[in-house]
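Listed here are the chains, written in short residue letters.
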2 protein chains.
Amino acid sequence: MTKQHSNSVVKIKSMNESDALLRQFVGYRMKRIYMLIQEDMTRVLEPFGLRIGTFSALAVLMDSPGISQTQLSRILNIKRSGVVVVVDELENVGALERRPVANDRRVYALHVTSAGITLWERAERAVQGHETAMFSELDTDDIEQLQMLLGRAIKSVSGRGESDKK
Amino acid sequence: MTKQHSNSVVKIKSMNESDALLRQFVGYRMKRIYMLIQEDMTRVLEPFGLRIGTFSALAVLMDSPGISQTQLSRILNIKRSGVVVVVDELENVGALERRPVANDRRVYALHVTSAGITLWERAERAVQGHETAMFSELDTDDIEQLQMLLGRAIKSVSGRGESDKK
DNA sequence: TATTGTTATACTCTATAACTATA
DNA sequence: TATAGTTATAGAGTATAACAATA
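Residues numbered from 1 in each chain as written. Chains lettered and ligands numbered in written order. Predicted model: local features only at pLDDT ≥ 70, side-chain atom pairs only at ≥ 80, totals over all residues. Heavy atoms only, no water.

A. Seen up close, the overall build of chain A. For chain A, the count of helices and strands is seven helices and two strands. Starting at the N terminus, the α and β elements of chain A follow one another as α-α-α-α-α-β-β-α-α. When the 166 residues of chain A are sorted by exposure, 49% land in the buried category. Taking as baseline every contact in chain A between residues at least 6 positions apart, the subset at least 24 positions apart corresponds to 47%. Surface accessibility of chain A: about 8,500 Å² in total, with carbon and sulfur atoms responsible for 51%. (Helix = DSSP H or I, 4+ residues; strand = E, 2+ residues; numbered from the N terminus. Buried < 20%, exposed > 50% of the residue type's maximum accessible area, 1.4 Å probe, protein only. Contact = heavy atoms within 4.5 Å. Areas by Shrake-Rupley, 256 points an atom, 1.4 Å probe, with all protein chains shown as cover.)

B. Examining the nonpolar core more closely. In this structure, Met30, Leu50 and Leu72 of chain A together with Met30, Leu50, Leu72 and Phe135 of chain B are the most contacted members of the largest nonpolar core, which totals 91 residues. Residues in contact with Phe135 of chain B, not counting those within four places in the same chain, are Val26, Met30, Ala153, Ser156 and Val157 of chain A together with Ile37 and Ile143 of chain B. (Core = buried A, V, L, I, M, F, W, Y, C linked by side-chain atoms within 4.5 Å.)

C. Spotlight on the confidence of the model for chain A. All names here are of chain A. Per-residue confidence for chain A gives a mean pLDDT of 84; residues scoring 70 or more make up 84%. Every residue in residues 1-8 scores below 50 in pLDDT, and together they form 10 contacts with partners more than four places removed in sequence or on other chains. Note that pLDDT drops below 50 for residues 160-166; the model gives that stretch 10 contacts with residues more than four away or on any other chain. (pLDDT = per-residue confidence, 0-100.)

D. Region of interest: the protein's contact with DNA strand D. The environment of DNA strand D is made up of 19 residues, and the closest members are Ser81 and Arg105 of chain A together with Gln69, Thr70 and Arg80 of chain B. Taking the atoms of DNA strand D that fall within 4 Å of the protein, sugar and phosphate contribute 66% of them. Within the side chain of Arg80 of chain B, an N or O atom sits 2.7 Å from a base nitrogen of DNA strand D. At the level of secondary structure, the elements contributing two or more residues to the surface near DNA strand D comprise helix H4 (69-76) and helix H5 (80-92) of chain B. If one sorts the elements of the surface near DNA strand D by residue count, H5 of chain B sits on top with three residues. When its residues are assigned to classes, the surface near DNA strand D shows four nonpolar, six polar and nine charged. (Near = heavy atom within 4 Å. Polar contact = N/O pair within 3.5 Å; in protein donor to acceptor, adjacent residues only side chain to side chain. Nonpolar A, V, L, I, M, F, W, Y, C, P; charged D, E, K, R; others polar.)

E. Unusual backbone geometry, seen in detail. Residue and element names in this part refer to chain A. A positive phi angle is found at Asn77, which is not glycine, with a value near 60 degrees. With respect to the element layout, Asn77 can be found in the loop between helix H4 (69-76) and helix H5 (80-92). Judged by its relative accessible area of 30%, Asn77 is partly exposed.

F. Looking closely at the packing of aromatic side chains. By the definition in use, this model includes five aromatic pairs over all chains. Measuring from ring centre to ring centre gives 6.5 Å for Trp120 of chain A and Phe25 of chain B, while their planes differ by 85 degrees; the resulting arrangement is edge-to-face. With Trp120 of chain A in helix H6 (residues 114-134) and Phe25 of chain B in the loop between helix H1 (20-23) and helix H2 (26-45), this residue pair bridges two chains. For Trp120 of chain A, a relative accessible area of 4% gives the class buried. Every member of this aromatic cluster is reached through a ring pair, and the members are Phe25 of chain A together with Phe55 and Trp120 of chain B. (Phe/Tyr/Trp six-rings, centres within 6.5 Å; stacked < 30°, edge-to-face > 60°.)

G. Up close: the pattern of salt bridges. Residues and elements named next belong to chain A. Scanning the entire structure with this criterion turns up 18 salt bridges over all chains. Here Asp19 makes a salt bridge to Arg23, at a shortest N to O gap of 2.9 Å. By relative accessible area, which is 14% here, Arg23 ends up buried. Put simply, Arg51 and Glu89 hold a salt bridge, and the shortest N to O gap is 3.0 Å. Residue Arg51 is located in the loop between helix H2 (26-45) and helix H3 (52-63), and its partner Glu89 is located in helix H5; the two are separated by 38 residues in the primary sequence. Relative accessible area serves as the criterion here: at 38%, Arg51 is assigned to the partly exposed category. Members of the salt-bridge network, linked through shared partners, are Asp19, Arg23 and Arg32. (Salt bridge = Lys/Arg side-chain N within 4 Å of Asp/Glu carboxyl O.)

What follows is the structure in structure tokens.
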């Protein structure tokens, strides 16, 4: 690709091995992979009018319908102010609604609409298929292994002070 | 913590399980973990006057001294304009220098100074120790497994069009 | 007083595009 | 013409802080 420019500057091994030292860090590997996933995920979700943030919110709300924005913010580990934007966006496309709560007029109960459910199901299938394709060099056992290790890693990593960091 | 606010709004299982549906996606798990790592990494690197970006650049340059900024940008998967900032920052603290190249006066050969090497060695130890602590619930075999799977995943994921996307 | 949702603002990281000096 | 490095600008994602309504 392009010219190698190999006379004056040190020749590097290969585009994919020259960060060998960096790759010994789990965190860096994670970052690198996540960046790629994020990029593709954004493209996969675009036709559905979703972003990673709105897709994630939808997933949580499919799981736990009726929760408040504050609860959603805690689950997604983002601030309440960030949730407003996400919920606005989903409400604007008719995927969810803010329902008033009788006992407490400060909060909204978030509910995915039937249109939202359909949207979620289609998007979810697309994302699943996409992940499968992405990790195509890993077989089923590998993925399972990876999921298990990531699951334990996330527990281990977030074990110290999940909720209200400072 | 704080009050559970459990009367009017649906009670959710637990702060750590309420994103169960989301966690089935490898990408989401990766994001969640990377966010936590990033946060802690930033804190670990701060006393050394480094950020994740400058730490990464240093790692690459320890591995491949003498490369150009353009080469560095390709390895780190960021744009050349981004590299300028990183290199400026490292040069300002005396960790590396831009050496003119005889045959081509457009490029600089990047070299870590001896002070930079010392800095790197100290920071690297701190980060290593930190990663070990972070993944404390995973034993040595687990980490090795994880590294192997991530290594294969990153290959699989980036297999299509590494260098000049589009 | 404390909390929910909201708004405005700022910060970080990265990308895009235009420029310069060399090739 | 093309490339290396640079600069200015903008966008995405998220955090901080202040505010009104409600508890």
